[in-house]
Amino acid sequence: MRRRLSAAYEWFDERTAIRSLLRKGLYEAVPVRGAWFYTLGSATLVLIILQLVTGIFLTLLFVPSVTEAWQSLNYLKEHDAFGSIVRGIHLWSAYILLFVIGLHMVRTFFSGSYKRPRELNWVTGVGLFVLVLGMAITGAFLPWDQAAYWTAVVVTNIPAYTPFIGSFIRALWRGADTVGPITLSRTFGIHVWLLPAILFPLIGAHLALLRKHGEFGSYINYRGAYKSREGVDVPPAPAQRPIEPPYPAAPSEELWAAPLQTEDFYPHQTFKDGIVSAALVIVVFILAVAIGAPLEAIADPATTSYTPVPEWFFLPLDELLVLVPQQLIPLVLVLPTGGVLLLLALPFIDRGPERNPFERPAVMVPGAFAVLFVVILTLLGSGRLFNL
Amino acid sequence: MIALLALIAPAFHGLQTQLPAQAPQGNNIVGAQIAIGSLFSLHILIAGLVSGAAELGPAIEFLGYVRQRRNYDRLAHGLGRFITYYFSVSSTIAILLITVLLVGFWGHFWTTIVTIGWWPLFIEAWTFVLQVSLAYLWYYTWEPMRAFKGVHMAIGGLLAVASFLQVYMIDVIASYMLTPTNPQNPVRLALNPTSYPLTVHRTVGNLAYIGFAFGGFCAIRYLRAKTAENKRFYDWAGSFGLLWGVSMTLLQPVVGYSYAKEIQLHSYGSWYKMMFGSLSPVFLWQITLLGIMFLTATLYFARRLRTDEARGSGILKLLAVGMVLTTLLAAQPYALGFSYETVAAAGLNRPFWDGGLINPLGSMIPWKVLALMFYTLIAIAAVVWYLRGLPGVVWGSARRGEQRILMLMTILTMLMMVTMGFIRENGRGPYLISGEMTIQGQQAVPSAQPTPQSSP
């Protein structure tokens, strides 16, 4: 039996070069220090795959029309326990994905991993973050319950504040002056076709670039090479370092471009990745079973008693919109747009070789404030919603 | 002993006959308010520092460990010493406030609020025990546990958590008094409409306050320092304190505005009083004072860089000009009278060019909101430029002018703390608990003693 399996493997390898592919994929050198931080990237990938699988399942049942959308999901809720859990997994993995991808970006930002030659890794990562956010927002429209309808009303109105073309974009998305059947079918198309069509090639590009340049980033990998500001030299980096591809063997400028110590991706990093991803999947499953995906009453545009509540990831922006007076709303909407543009431009603004977060105040201080503002606005927004 | 008792017993007896039969029941409401208000201000001024130090100290110790810098360790240790000195002072004032003034003057109110907020006050009491235990442990094990820095930092972390909890619990009570909810539901009580904004506002405020305070303290020590090492340390620590204080303060416009918004939504009368009524001049002073604080800090940054000819001083001066203009915009009064309320009552609520007493440039929307946005943006830019210039600074070379600015900042911050406390506590007036218990009403509580009646 073993011989037959081996022969089959040889046959397959002769035709596909699977052995060298696996060797290349599994035995690449990764940094020893900071390895747990790097698990956030693989956890993001696992959660996106979970989204894909559960999403395919849901498309088999979901009917994207204003008369059937809610009915099809209500059928799951009332008569199909397995389907209901799958929908719960789809929802909770989306929520946790947003959180994990945010943490992954924060880690990359603080550790300066976006610096040369990894600028495009960062740019594709920002693109992925925006797309995942887009998936979450468009996904929130689809159940066509009260929450979905009023989310659609608020969100499709936001582009209207864009100068000159705002009304056109709103009309294009809604398909009419108000939110209705065309809005739902267009949003469904965006959610299951348009955004994934961009998302998955971008994931491929992100991974390819990661493989090209190697995992890199957290300055703690390179701590030995730093000189403190007070002029006290910290111990120099060891002369002999186990440098393996893809890391360059020569120091670049004042910083080493390679980690102090590396290990094989398999089994060391894959083990850590597996632990974190498995833990997250278990959490998702528990939440899906215990809480599930809520479904409110069917959308009723004529209601006057319903109080719309934004999705949690929308809270910071919602809180800003509540705080800022009507005249200044366009100014507030500049913030997220400007924020994304700044994020895309970050590697081209902060081009110095320094990676120590304490030595990059010009980038770290505004970045830390941006993170703090988001956290504080989320807290304040949740407090406000609790007392509605 | 018996002879001694025989000697002093008549004196005690005489004293007993002179004591009032019951606590004062509010014959002098204004006097009680002044006594409680001033002692609370003093308590908040010290307790804010202690809470801030207990949260910031462990963070600085951690920073020092990560960056392997002795200065941070020395500063964190100094903050630990401050906590051990002043914790008991702050607690004594708090106990005096509760046992003598609140129970004595506002007994009915105190009984009511303890009944409503029993759980928060119970947790509050235990956080005191936790805080004092951890504070002394953290400070006195500094050297013995140097080899176990991780454990020591964990103790510091617990101290910070205990301090935060303590602030949060008392904020539950303070915010309930402004925006009461269903007192039967402990979750509703803990998450009443202003509890989040007040907790965030006060935590960030305490963290800023301790930064400004030790900045001023270090300025005094710098001027008195005899050795070059001490001069280097106090110069650096003063700058660090101010930088930290400004960094925290620039979160406050958003948090404070959110707090005001919640008051508007849930306690409109108080909000109206703050924005348009008798407290509006104090509110105007507060927003102006915030600008003066940011301006003073920017001037320090510019001067400190100029002293060592480090880069960025010129841009900081430009930012200071921007801050002056923003402060002037923020300081514009809306009503050119005592308050909008009085102007409206006189029928003069129209623009001044139409013969009225309204200055549209002083309106909250959009001008003061814009001023708050500019405060934040200019302050962020000032912090970034100062940090960029810091590698060119030689610690220990600061001049007297910079140290005077640091001391001024401490005074301005204390003024801000008192102003904010005054606005919040008086915003409720005439209520002690908004819409539920008036100061007057609680004072007029009938005595539990039976009324003397003539014999049949």
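Residues numbered from 1 in each chain as written. Chains lettered and ligands numbered in written order. Predicted model: local features only at pLDDT ≥ 70, side-chain atom pairs only at ≥ 80, totals over all residues.

Draft legend 1. Quick look at the overall build of chain B. Within chain B, the regular secondary structure consists of 17 helices and two strands. On the principal axes, the C-alpha backbone points of chain B span a range of 95 × 75 × 45 Å. Counting only residues that meet the buried cut, chain B has 43% of its 456 residues in that class. Considering only intrachain contacts with a sequence separation of at least 6, the fraction spanning at least 24 residues in chain B is 77%. (Helix = DSSP H or I, 4+ residues; strand = E, 2+ residues; numbered from the N terminus. Buried ≥ 20, exposed ≤ 12 C-beta atoms within 10 Å, placed from the backbone. Contact = placed C-beta atoms within 7 Å.)

Draft legend 2. Seen up close, the overall build of chain A. Regarding its fold elements, chain A presents 13 helices and two strands. Per-residue burial for chain A yields a buried fraction of 33% across its 388 residues. Of the contacts formed within chain A by residues at least 6 apart in sequence, a portion of 77% connects residues at least 24 apart.

Draft legend 3. The arrangement of the confidence of the model for chain B in detail. Residue and element names in this part refer to chain B. Across chain B, the average pLDDT comes to 88, with 91% of residues at or above 70. Counting interchain partners and residues more than four positions distant, the pLDDT-below-50 stretch residues 19–23 has three contacts. Low pLDDT, under 50, characterises residues 443–456; the predicted model gives this stretch six contacts beyond four residues in sequence or across chains. Across the predicted assembly, pTM comes out at 0.83 and ipTM at 0.78. (pLDDT = per-residue confidence, 0-100.)

Draft legend 4. Quick look at the domain arrangement of chain B. Residues and elements named next belong to chain B. With domains assigned, chain B is organised as domain 1 (31–192) and domain 2 (227–432). Each of domain 1 and domain 2 has a C-alpha centre, and these two points are 26 Å apart. With 13 residues of domain 1 in contact, the opposing surface of domain 2 contributes 15 residues. If you list the elements that add at least two residues to the side of domain 1 that touches domain 2, you get α2 (29–67), α3 (70–105) and α6 (149–178). Of all the elements, α2 adds the most residues to the side of domain 1 that touches domain 2, at five residues. Split by residue class, the side of domain 1 that touches domain 2 holds seven nonpolar, five polar and one charged. (Domains from an automatic or database assignment. Nonpolar A, V, L, I, M, F, W, Y, C, P; charged D, E, K, R; others polar.)

Draft legend 5. Inspection of the nonpolar core at higher detail. Core analysis: the biggest nonpolar cluster contains 129 residues, and Ala53(B), Leu79(B), Ile83(B), Phe294(B), Leu316(B), Ala382(B) and Tyr386(B) have the highest contact counts within it. When we break this core down by domain, the ones giving at least three residues each are domain 1 (31–192) and domain 2 (227–432) of chain B. Apart from residues lying up to four places away in sequence, Ala382(B) is in contact with Thr298(B), Phe301(B), Leu316(B) and Leu319(B). In this structure, Trp70(A), Trp144(A), Leu280(A) and Val284(A) belong to the second largest nonpolar core, which totals 47 residues. (Core = buried A, V, L, I, M, F, W, Y, C linked by C-beta atoms within 7 Å.)

Draft legend 6. Focus on the confidence of the model for chain A. All names here are of chain A. Per-residue pLDDT for chain A has a mean of 86; in total, 88% of the residues score no lower than 70. Within chain A, the lowest mean pLDDT, 77, falls on strand β1 (residues 29–31), and the highest, 96, falls on helix α6 (residues 119–141). Contacts of residues 248–256 to residues separated by more than four positions or lying in other chains number 16 contacts, the stretch itself having pLDDT below 50.

Draft legend 7. Representation of the environment of Gln269(A). All names here are of chain A. Topologically, Gln269 is positioned in helix α10 (residues 265–290). Residue Gln269 is classed as buried on the basis of its 23 C-beta neighbours within 10 Å. Separated by 22 residues in the primary sequence, Gln269 and Ile291 place their C-alpha atoms 32 Å from one another.

Draft legend 8. Main features of the interface of chain A and chain B. Counting from both sides, the interface comprises 23 residues of chain A and, opposite them, 23 residues of chain B. The set of elements that each furnish at least two residues to the side of chain A that touches chain B consists of α11 (315–323) and α13 (361–386) of chain A. No other element matches the 13 residues that α13(A) contributes to the side of chain A that touches chain B.

Draft legend 9. Structural context of the packing of α13(A) against helix α8 (residues 195–224) of chain B. Contact geometry of α13(A) with α8(B) gives a least axis separation of 8 Å together with a crossing angle of 155 degrees. Accordingly, the angle class assigned to the pair α13(A) and α8(B) is roughly antiparallel. Residue-level contacts link Ile376(A), Leu379(A), Leu380(A) and Gly383(A) of α13(A) to Tyr196(B), Pro197(B) and Val200(B) of α8(B). (Axes fitted to C-alpha atoms, helices over the stretch in contact; angles between N-to-C directions. Parallel < 35°, antiparallel > 145°, perpendicular 65-115°, else oblique.)

Draft legend 10. Broad picture of helix α16 (residues 400–427) of chain B. Compared with an ideal rise of 1.5 Å per residue, which puts 28 residues at 40 Å, α16(B) spans 40 Å between its outermost C-alpha atoms and is within 8% of the ideal. Within α16(B), burial applies to Glu402(B), Gln403(B), Ile405(B), Leu406(B), Met409(B), Thr410(B), Thr413(B), Met416(B), Met417(B), Met420(B), Arg424(B) and Gly427(B). (Expected span 1.5 Å × (residues − 1).)

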